[in-house]
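Here are the chains, one letter per residue:
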Amino acid sequence: MDDCLFCKIAAGDIVPDLVYETKSVLVFRDINPQAPLHVLVIPRKHISTLNDLAVDDAGLVGEMVLAAQHVVAREDYAESGYRLVMNCNGDAGQTVFHIHLHLLAGRPLTWPPG
Ligand code: AMP
Ligand code: ZN
């Protein structure tokens, strides 16, 4: 996708503050962090929203969650706690239309979310 910000990051055209990568996913710091640890896990493959996931993407979504788990363990937030969030479309406030998992940690996170 030529005009997709996260595809540009995946292609290396925009350099993120990278914290972890695998063959399938990248993890980098959110440019506008909402917690002491706020990173985004993205697949290298372009998928616009959660609504566009196919059955064949199940493994990829699992890899995204496992990448988040890896960063949590490395940054020592496994016991204190953390939150994983995926926003979909307007009511959830999705602004970048390439799926991404927010990983937030390092402060008490209120519930319900805003
Ligand atoms: P969402 O609102 O769920 O679509 O989240 C998009 C996230 O991408 C926001 O938290 C933004 O702060 C973040 N973001 C936007 N541009 C960049 C960028 N160039 N590098 C890192 N994070 C970004
Ligand atoms: Zn994309």
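It should be emphasised that the depicted structure is a prediction, and the values quoted were computed from it without experimental measurement.

Engineer: Help me understand the packing of aromatic side chains in this model?
Structural biologist: Working definition: an aromatic ring pair is given by the centre-to-centre distance plus the angle between the planes. The tally for this structure, following the rule as stated, stands at one aromatic pair. Taking the centre distance of 5.5 Å and the plane angle of 75° together, the rings of F6 and F28 count as edge-to-face. With a gap of 22 residues between them, F6 in helix α1 (residues 5-11) and F28 in strand β2 (residues 25-29) connect regions that are remote in the sequence. You can call F6 buried: its relative accessible area is 4%. The exposure class of F28 is buried, given its relative accessible area of 3%.

Engineer: Can you walk me through the coordination of the zinc ion (ligand 2) in this structure?
Structural biologist: The expected angle between donors at a tetrahedral four-coordinate metal is 109.5 degrees. At an octahedral six-coordinate metal it is 90 or 180 degrees. Here the zinc ion (ligand 2) is held by the protein donor atoms C4 (SG), C7 (SG), H46 (ND1) and H98 (ND1), which lie 2.0 to 2.3 Å from it. Seen from the zinc ion (ligand 2), its four donor atoms lie at angles of 105 to 117°, and the figure they make is tetrahedral. For the zinc ion (ligand 2), all donor residues lie on one chain, and their spacing in sequence is C-x2-C-x38-H-x51-H. For C7, a relative accessible area of 13% puts it in the buried group.

Engineer: Please clarify how the layout of surface pockets should be interpreted in this entry.
Structural biologist: The gaps of empty space that remain are located by a probe, the size of a water molecule, rolled over the atoms. Space inside the largest pocket adds up to approximately 380 Å³. Elements with a minimum of two residues in the lining of the largest pocket: β4 (82-85) and β5 (101-105). Counted as a void, the second largest pocket has a volume near 310 Å³. Contributing to the lining of the second largest pocket are 18 residues, with L5, F6, F28, I31 and L40 lying nearest its centre. At the level of elements, α1 and β2 are the ones that each hand at least two residues to the lining of the second largest pocket. Considered class by class, the residues forming the lining of the second largest pocket number nine nonpolar, six polar and three charged.

Calculation criteria
Residues numbered from 1 in each chain as written. Chains lettered and ligands numbered in written order. Predicted model: local features only at pLDDT ≥ 70, side-chain atom pairs only at ≥ 80, totals over all residues. Heavy atoms only, no water. Phe/Tyr/Trp six-rings, centres within 6.5 Å; stacked < 30°, edge-to-face > 60°. Helix = DSSP H or I, 4+ residues; strand = E, 2+ residues; numbered from the N terminus. Buried < 20%, exposed > 50% of the residue type's maximum accessible area, 1.4 Å probe, protein only. Donors = N, O, S within 2.8 Å, 3.2 Å for Na, K, Ca; no water. Tetrahedral: all angles 85-135°; square planar, octahedral: opposite > 155°, others 65-115°. 1 Å grid on protein atoms, 1.4 Å probe; cavity = no way out; pocket = protein on both sides within 12 Å on 5 of 7 lines; lining within 4 Å. Points joined across faces, edges and corners; volume = space filled by probe spheres on them. Nonpolar A, V, L, I, M, F, W, Y, C, P; charged D, E, K, R; others polar.

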